[in-house]
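Structural overview for review
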Amino acid sequence: MPVPVAVAAVTFDRPRELGILLDAIQSQSAPVQAICLVDSGTAPAREVAAKHPNVDYVRSEANLGGAGGFALAILKAVASGAEWVWIMDDDAEPTDPACLETLLREADARNLDAVVPLVLAPGQPDKLSFFFRIDGKVTHDRAEVERAGFLPDVGHFFNGALIRSDVFFKVGVPDMRLFIRGDEVDFMIRLRKAGIRFGTVATASISHPHAFSETKHVFGARWHVIVPEGAFKRYFYYRNRGYLIRRYRRVKSLVADVGGYLGYFLQRGDFRGLAEWFRAFSAGLRGKGFGPLDQQKF
């Protein structure tokens, strides 16, 4: 009997990409019993969703962000009775029809409760959209990560992660307060603290837009900072970094962030950028700056 799997997906004003994703999910060699789709976009994607009979479409008139959208989609997927939940962003796409089958097989073979595929840059199958740290150095090189075979206790969540439904009863769902950026890090930390067995396997992959330009090296290949494009993304990234450092008492991350961002902005004489970082980061450290989207100031 097929293993019951439900997809938890979110979408926001990407009808073309959503259509590609839904088609790719339906083409998987391992069947999916339901696709729980949360749509927070300004233009509802009902017509795209209606082309697929197993889509459980949920319209959210409030923009819940990635974190809130995934939380709602995951709850719907767990409520469907599925044994596994496959999490997908609307601009992601499994790279081959055996992606889900491979993830299920790897989870069974390695006795994992969550398994994450590699995330490849579209049109650049030799590059990873998000870096890994191998031997202390940041790399986007797929071949270098593939040589490791399996990377335990690390993964880029919410982009193709396959998670056993029971896990959410132990660690909860993504924290909607984080909105975007950092929600996946928070979730991964909770998995580690709960002793959940998970990791990234190099035998399965999805594609998702990369973030190469956001990685800024400060003092060589071993020290870098992330500077997202746009004030909106920067605010949430900086604020959420500060909040997670406070919440989990991540002293090493505090030292790395303070030293890294001071070095990055001061080297460039970018005092406005430094002030923007400090304002958002310090708000997160103090547990401030949270609330509905229309109350945020970027």
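The structure this text deals with has already been given above.
Our subject in this report is the structure included herewith. (Residues numbered from 1 in each chain as written. Predicted model: local features only at pLDDT ≥ 70, side-chain atom pairs only at ≥ 80, totals over all residues. Heavy atoms only, no water.)

**A word on the overall build of the chain**
Here is the rule: The numbering of helices and of strands both runs from the N terminus, where a helix is a DSSP run of H or I of at least 4 residues and a strand a run of E of at least 2. As defined in this context, the radius of gyration uses C-alpha atoms, and a globule is described by 2.2 Å times the residue total to the power 0.38. Note on classification: 1.4 Å probe, protein chains only; a residue is buried when its accessible area is under 20% of the maximum for its type, exposed when over 50%, partly exposed between these limits. Here, two residues are considered to be in contact whenever any of their heavy atoms come within 4.5 Å of each other. Per-residue and other accessible areas were derived by the Shrake-Rupley procedure at a 1.4 Å probe size, with only the shown protein chains allowed to occlude residues.
On a plain count of helices and strands, the chain comes out with 10 helices and 13 strands. Whereas a compact globule of 298 residues would reach a radius of gyration of roughly 19 Å, the chain reaches 19 Å, a difference of no more than 12%. Within the chain, the proportion of its 298 residues that are buried is 52%. Long-range contacts, defined here as pairs at least 24 residues apart, represent 73% of the contacts in the chain between residues at least 6 apart. Here the chain displays about 13,800 Å² of accessible surface, and carbon together with sulfur accounts for 55% of that area.

**A look at the state of the cysteines**
Every disulfide links exactly two cysteines, by a covalent bond between their sulfur atoms. Quick reminder of the rule: Two cysteine sulfur atoms form a disulfide, by the criterion used here, when they sit within 2.5 Å.
Scanning all chains against the criterion turns up 0 disulfides. Here C36 is not disulfide-linked; the sulfur of C99 is the nearest cysteine sulfur, at 18 Å. Its relative accessible area of 2% is what places C36 among the buried residues. C99 gets classed as buried once you look at its relative accessible area, which sits at 1%.

**Notes on the packing of helix α8 (residues 231-248) against helix α9 (residues 251-267)**
What counts, and what does not: Simply put, an axis is a line fit to the C-alpha atoms, just over the touching stretch for a helix, and the angle between two N-to-C directions goes from 0 to 180 degrees. To sort the angles, those under 35 degrees are grouped as roughly parallel, those over 145 as roughly antiparallel, those from 65 to 115 as roughly perpendicular, and the leftovers as oblique. The residue classification treats Ala, Val, Leu, Ile, Met, Phe, Trp, Tyr, Cys and Pro as nonpolar and Asp, Glu, Lys and Arg as charged. All others, Gly included, are polar.
Contact geometry of α8 with α9 gives a least axis separation of 10 Å together with a crossing angle of 150°. Classified by the angle their axes make, α8 and α9 are roughly antiparallel. Judged by residue contacts, Y237, Y238, R241 and I245 of α8 engage S253, L254, D257, Y261 and F265 from α9. Its residues assigned to classes, the contact of α8 with α9 comprises 6 nonpolar, 1 polar and 2 charged.

**Description of α8**
To be explicit about the condition: By this rule, a helix spans an expected 1.5 Å times one less than how many residues it contains.
If you check α8, its first and last C-alpha atoms are 26 Å apart, about what 18 residues at 1.5 Å a residue would give, namely 26 Å. Of all the positions in α8, only R234, Y235, F236, Y237, Y238, R239, N240, G242, Y243, L244, I245 and Y248 are classed as buried. The inward-facing, buried residues of α8 abut α7 (183-194), β13 (224-226), α9 and α10 (271-285).

**Focus on α7**
With 12 residues, α7 ought to run about 16 Å at 1.5 Å a step, and its terminal C-alpha atoms sit 17 Å apart, in line with that. Taken together, the buried positions of α7 are occupied by D183, D186, F187, M188, I189, R190 and L191. Residues of α7 that are buried in the fold lie against α3 (65-79), β10 (162-164), α6 (165-171), β11 (198-207) and α8. Once α7 finishes, G195 follows within two positions and takes phi at roughly 75°, a positive value.

**A closer look at the nonpolar core**
What counts here: In plain words, nonpolar cores are sets of buried Ala, Val, Leu, Ile, Met, Phe, Trp, Tyr and Cys residues tied together by side-chain atoms within 4.5 Å.
Residues V7, W86, M88, L100, L103 and L162 are the most contacted members of the largest nonpolar core, which totals 31 residues. Here this core gets 5 residues from one element, more than from any other, and that element is helix α4 (residues 99-110). In this structure, L100 is in contact with V5, Q28, A30, P31, V32, W86 and L162, ignoring residues within four places of it in sequence. One finds C36, V58, I163 and V171 within the second-largest nonpolar core, a separate group that totals 29 residues.

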